[in-house]
Amino acid sequence: MTTIAFIGLGNMGNPMAANLVKAGHTVLGFDLVPENLEIARANGVTIAADSGAAVKDAEVIVTMLPAGKHVISVYEEIAPKAAKGALFIDSSTIDVESARKAHAIAASHNLLSVDAPVSGGTGGAAAGTLTFMAGGSKEAFTKAEPILQPMAGRIVHCGDAGAGQAAKICNNMILGISMIGVGEAFVLAEKLGLSHQALYDVASTSSGQCWSLTTYCPVPGPVPASPANRDYKPGFAAALMLKDLKLSQEAAQAAGAATPLGAEATQLYALFNAAGHGGTDFSGIIRFLRGEQ
Ligand code: NAD
């Protein structure tokens, strides 16, 4: 079994760390928020005084932090303190440039690293069924894979440094665009007097079929488990969708890729968030498309 430092014990990090404990690993945790440390302690995580103390004897260091600036500052702090041969795994969703910088910080201390953002949300984190999208060398990925296993339903090696983050933001750009597309179709159907169920029955088995329709249907009824059936309680909050869409647009600009629908989706989610709906599930954008406040 492995000694693992886990830094960032928030909504995602805490259930992920709990699954590492359940798998028999020794987990040393740190977070800036005392309440999060208490939850971790109750889950069997040993609480460290600070990040440096958490990583000192760790063979693997997992970070689950809000954004690129947090990852860079934590990496700069802990890389010089990490044990020889330690492996860094960053599962935060961050911009590709910061992810590559984080890899470079680890490499400058002769440490292996993997960017491994996730999809699956807090439910997947609790159930240990997250999809990990990993970027890094073959050697680093091979070492990371068995550590990710107890937290994962699926693990994909996407390529070199930053490839995991690239896969994550490309996927979520598809998701943001497709949810707006499905929402628009339901709003048009309403105006045309077509029932939600009729549109669903046709589109779900026709060329309009997609995940936003058949798994996460934005109107109540056709897919009973979708957030639309519980007043758009997340799920995946609109604020997080906006974060990921903004990351996609930063990356598109830096790489010179034309993503006009990604840009439009970012604008619509920015307006939805500005109207006070950041805590609503992202599929709630259909209400905004209908003109509801
Ligand atoms: P969160 O805000 O609940 O947790 C982040 C934690 O990091 C907080 O507890 C915070 O105190 C801690 N932190 C910040 N700076 C720190 C530092 N210097 N040292 C130690 N701890 C520090 O966020 P979350 O929902 O757990 O998300 C974490 C990451 O996962 C984000 O990048 C998010 O985009 C991504 N993500 C979230 C979801 C989701 O559904 N919540 C899904 C997929 C990916």
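Right above here is the structure, for reference.
What you see is a predicted model, and the numbers here were worked out from it, not measured in a lab.

Criteria and thresholds
- Residue positions are given per chain, counted from 1 along the sequence in the order it is written.
- Thresholds applied to this predicted model are a pLDDT of at least 70 for local features of residues and 80 or more for the giving and counting of side-chain atom pairs; totals over whole chains, interfaces and linings are not thresholded and use all residues.
- Side-chain numbers come from the whole structure's heavy atoms, not from hydrogens or water.
- Think of it this way: one heavy atom of a residue within 4 Å of a molecule or strand is enough to make that residue near it.
- In protein, a polar contact requires one atom able to donate a hydrogen and another able to accept it; more generally it is a pair of N or O atoms within 3.5 Å, and residues adjacent in sequence count only if both atoms are side-chain atoms.
- Exposure was quantified through the Shrake-Rupley algorithm and a 1.4 Å probe, taking into account, for residues, occlusion by the shown protein chains and nothing else.
- Using a 1 Å grid laid over the protein atoms alone, points where a 1.4 Å probe fits but cannot get out form a cavity; open sets with protein on both sides within 12 Å along at least 5 of 7 lines form a pocket; any residue with an atom within 4 Å of a point counts as lining.
- Pocket occupancy is defined atom-wise: a molecule lies in a cavity or pocket when more than half of its atoms are within 2 Å of its grid points.
- In this text, buried Ala, Val, Leu, Ile, Met, Phe, Trp, Tyr and Cys residues form a nonpolar core when linked through side-chain atoms within 4.5 Å.
- Burial classes follow relative accessibility: with a 1.4 Å probe on protein chains only, a residue under 20% of its type's maximum area counts as buried, one over 50% as exposed, and anything between as partly exposed.
- Only DSSP runs of H or I with at least four residues qualify as helices, and only runs of E with at least two residues qualify as strands; both kinds are numbered from the N terminus onward.
- Contacts are residue-level and defined by heavy atoms, with any inter-residue pair within 4.5 Å sufficient.
- Only rings of Phe, Tyr and Trp enter the pairing, Trp through its six-membered ring, and a pair is recorded when the two centres are within 6.5 Å. The plane angle decides the type: under 30 degrees is stacked, over 60 is edge-to-face, the rest tilted.
- Grid points are joined across faces, edges and corners, and a volume is the space filled by probe spheres set on the points.
- Each residue is assigned to one of three groups, with Ala, Val, Leu, Ile, Met, Phe, Trp, Tyr, Cys and Pro labelled nonpolar, Asp, Glu, Lys and Arg labelled charged, and all others, Gly among them, labelled polar.

(A) The site of the ligand, seen in detail. Near the ligand lie 22 residues; those nearest to it are Met12, Asp31, Asn36, Leu65 and Lys243. Backbone polar atom of Asn11 to an oxygen atom of the ligand: 2.9 Å apart, as the coordinates give it. Asp31 is positioned such that a nitrogen or oxygen atom in its side chain is 2.7 Å from an oxygen atom of the ligand. Starting from 830 Å² of accessible surface for the ligand in isolation, the protein chains cover 85%. The cavity where the ligand resides is the largest pocket.

(B) Expanded view of the nonpolar core. Core analysis: the largest hydrophobic core is formed by 31 residues, its most contacted members being Phe6, Met16, Ile89 and Phe132. Counting only elements with at least two residues in this core, the list comes to strand 1 (3-7), helix 1 (13-22), helix 2 (34-42), strand 4 (60-63), strand 5 (87-90), strand 8 (130-135), helix 7 (138-148) and strand 9 (152-159). With five residues, helix 7 is the single largest residue contributor to this core. Not counting the four nearest positions on each side in its chain, Phe132 is found in contact with Met16, Ser91, Ala116, Pro117, Val118, Leu148, Met151, Ala152, Arg154, Ile155 and Val156. Counting residues in each nonpolar core, the second largest holds 24 residues, with Ala58, Val71, Tyr75 and Leu111 among its members.

(C) Main features of the packing of aromatic side chains. Using the criterion set out here, one finds seven aromatic pairs in the structure. Taking the centre distance of 4.9 Å and the plane angle of 20° together, the rings of Trp211 and Tyr216 count as stacked. Here Tyr216 and Phe282 contribute two aromatic rings whose centre-to-centre distance is 5.3 Å and whose plane-to-plane angle is 25°, an arrangement assigned as stacked. Of this pair, Tyr216 sits in the loop between helix 10 (211-214) and helix 11 (238-255) while Phe282 sits in the loop between helix 12 (260-277) and helix 13 (285-289), and the two are 66 residues apart along the sequence. Assessed through its relative accessible area of 12%, Tyr216 is described here as buried. What links up through ring pairs into an aromatic cluster is the set Trp211, Tyr216, Phe236, Tyr269, Phe272, Phe282 and Phe288.

(D) Molecular detail of empty space enclosed by the protein. Enumeration according to the criterion identifies one cavity of 30 Å³ or more in this entry. Together, Tyr75, Asp90, Ile94, Ala99, Ala102, His103, Ser113, Val114 and Asp115 line the largest cavity. The class makeup of the residues in the lining of the largest cavity is five nonpolar, two polar and two charged.

(E) Molecular detail of the layout of surface pockets. Size it by volume and the largest pocket reaches roughly 1,400 Å³. What lines the largest pocket is a set of 47 residues, and nearest its centre among them are Met12, Met64, Thr93, Phe236 and Leu240. Only helix 4 (68-78), strand 7 (118-119), helix 6 (121-127), helix 8 (163-191), helix 10 and helix 11 provide two or more residues apiece to the lining of the largest pocket. With six residues, the single largest contributor to the lining of the largest pocket is helix 8. Classifying every residue of the lining of the largest pocket by side-chain character gives 21 nonpolar, 21 polar and five charged. Approximately 340 Å³ is the volume attributed to the second largest pocket. Looking at the second largest pocket, it is lined by 17 residues, and the ones nearest its centre are Val96, Ile169, Glu250, Ala251 and Ala252. Looking at the lining of the second largest pocket, the elements with two or more residues in it are helix 5 (96-108), helix 8 and helix 11. Tallied by class, the residues present in the lining of the second largest pocket amount to 11 nonpolar, two polar and four charged.

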